[in-house]
Amino acid sequence: MIVMKIVGRLLPLFLWIAWLPAKQQENYRDYEQTDRACVQELYRLNHINQTVDFVLQKKKEYASLAKSQLGMWEVLEKLNKLVDDSDPDLDLPQLVHALQTAEAIRKDGHPRWLILTGLIHDCGKMLFYFDEPQWAVVGDTFPVGCAFSDKIVHANLFANNPDLNNPTYQTLTGIYTPHCGLNKVHMSWGHDEYLYYVVKDYLPEQAAYIIRYHSFYAFHKENEYAHLLSEHDREMLKWVKLFNKYDLYSKSPEQPVVTALKPYYQKLIAEFFPKKIAW
Ligand code: FE
Ligand code: FE
């Protein structure tokens, strides 16, 4: 009797929760409204410290992949302890984000390489475990060595970047030639470029391209930097755009059951990667 009474009282509440609308697409990546204070601080440090010199130094340090030998699932499990300070939408561990992205791609019937890309796209955040600060691991990426677009998130925070004092870096094309292609452009250092080095010999070209530029929102969302793009970049853009909707809109507080999904994803990883790869 008492149980029935409690259920009766709570029923309207359950119905109300069930009818709550899902998060609307325009409410993602709202940097003005986010209640995560760490986001602005991360971009303050990122926009001061990402310079041509810094990027070249990090590329040199990591391009040889001499840090570690690890399996892809092993990396995903390590990342489960990491929460991304740059993300205004999600404060859940990275393995949750990896599985939510991959599952959304799988549900829409996309090829296996794209499901795998969804699963591993943020594994470059391993940089965090090589003692890199969050501002050198996560957040949107952008070219260095040429003028910063004002469409980059928190663009006002570039005011204290030392590259502003080098006039060569501050023209539209900077140190590059028009339409040289993004592979000739130095991007701010972070998990995208690093993971590209790790996986490029194992995955189809589109997958490697998605991984390398998935945080370059000024390119794939704002259509900036058109003067640096090659024909090849314009062809590849559709893949990055397709991927982005899964990366962004699959984020939700609903947690996937890791143990249930693990066998499927371990098999998928084994189709493309050896047991251990160089990091
Ligand atoms: Fe990412
Ligand atoms: Fe992501």
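Residues numbered from 1 in each chain as written. Chains lettered and ligands numbered in written order. Predicted model: local features only at pLDDT ≥ 70, side-chain atom pairs only at ≥ 80, totals over all residues.

Quick look at the overall build of the protein now. Each helix and strand counted, the protein has eleven helices and two strands in total. Counted from the first residue to the last, the protein has its helices and strands arranged as α-α-α-β-α-α-α-α-α-α-α-α-β. Looking at the protein as a whole, 37% of its 279 residues qualify as buried. In the protein, once contacts between residues fewer than 6 apart in sequence are set aside, the share between residues at least 24 apart is 76%. (Helix = DSSP H or I, 4+ residues; strand = E, 2+ residues; numbered from the N terminus. Buried ≥ 20, exposed ≤ 12 C-beta atoms within 10 Å, placed from the backbone. Contact = placed C-beta atoms within 7 Å.)

All right, on to the packing of helix 4 (residues 72-79) against helix 5 (residues 94-107) then. Remark: helix 4 packs on helix 5, axes separated minimally by 6 Å, with the N-to-C direction vectors making an angle of 125 degrees. Classified by the interaxial angle, the pair formed by helix 4 and helix 5 is oblique. Taken together, the residues of helix 5 that come into contact with helix 4 (itself represented by Leu76, Glu77 and Leu79) are Gln94, Leu95 and Ala98. (Axes fitted to C-alpha atoms, helices over the stretch in contact; angles between N-to-C directions. Parallel < 35°, antiparallel > 145°, perpendicular 65-115°, else oblique.)

When you line up the elements, Thr117 lands in helix 6 (residues 112-120). For Thr117, a count of 29 C-beta atoms within 10 Å corresponds to the buried category. Each C-alpha atom of the pair Thr117 and Ile210 lies 7.9 Å from the other, and the pair is 93 residues apart in sequence. If we skip the residues at most four places from it in the chain, Thr117 touches Ala207, Ile210, Ile211 and Phe243.

Below, the discussion takes up unusual backbone geometry. Leaving glycine out, the prevailing phi sign among residues is negative, and the prevailing peptide bond configuration is trans. The phi dihedral of His154 is positive, around 50 degrees, even though this residue is not glycine. One can find His154 in the loop between helix 6 and helix 7 (191-199). Looking at His154, the number of C-beta atoms within 10 Å reads 16, which means it is partly exposed. Of note in the backbone geometry, Asn223 takes a positive phi value of approximately 55 degrees without being a glycine. Examined against the element boundaries, Asn223 turns out to sit in the loop between helix 9 (217-220) and helix 10 (231-249). Taking the C-beta count within 10 Å as the criterion, Asn223 has 11 such neighbours and is therefore assigned exposed.

With that settled, consider the packing of helix 7 against helix 8 (residues 205-213). At a minimum axis distance of 7 Å, the contact between helix 7 and helix 8 shows a crossing angle of 155 degrees. As judged from the angle between their axes, helix 7 and helix 8 are roughly antiparallel. Contacts between helix 7 and helix 8 involve Asp192, Glu193, Leu195, Tyr196 and Val199 from the first element and Ala208, Ile211, Arg212 and Tyr213 from the second.

For helix 11 (residues 258-272), built from 15 residues, the straight-helix expectation of 21 Å at 1.5 Å per residue is met to within 8% by its first-to-last C-alpha distance of 21 Å. At Tyr264, helix 11 shows its strongest bend, of approximately 30 degrees. (Expected span 1.5 Å × (residues − 1). Bend = angle between axes of the 7 residues up to and from the residue.)

Examined against the element boundaries, Gln170 turns out to sit in the loop between helix 6 and helix 7. Sequence spacing of Gln170 and Cys146 is 24 residues, and the spatial spacing of their C-alpha atoms is 5.1 Å.

This brings us to the environment of Ala98. Within the secondary structure, Ala98 is located in helix 5. In the structure, Ala98 is positioned 19 residues away from Thr117 in sequence and 9.3 Å away in space, judged by C-alpha atoms. Not counting chain neighbours up to four residues away, the residues in contact with Ala98 comprise Leu76, Leu119 and Asp122.

Here we come to the confidence of the model for the protein. Averaged over all residues, the pLDDT of the protein is 89; the fraction at 70 or higher stands at 86%. Here residues 6-22 is modelled with pLDDT under 50, and outside its nearest four sequence neighbours on either side it reaches zero contacts, counting other chains as well. (pLDDT = per-residue confidence, 0-100.)

Looking now at helix 8. With respect to burial, helix 8 is a largely interior element, seven of its nine residues being buried. For helix 8, the set of buried residues is Ala207, Ala208, Tyr209, Ile210, Ile211, Arg212 and Tyr213. Contact partners of the buried residues in helix 8: helix 6, helix 7, helix 9 and helix 10.

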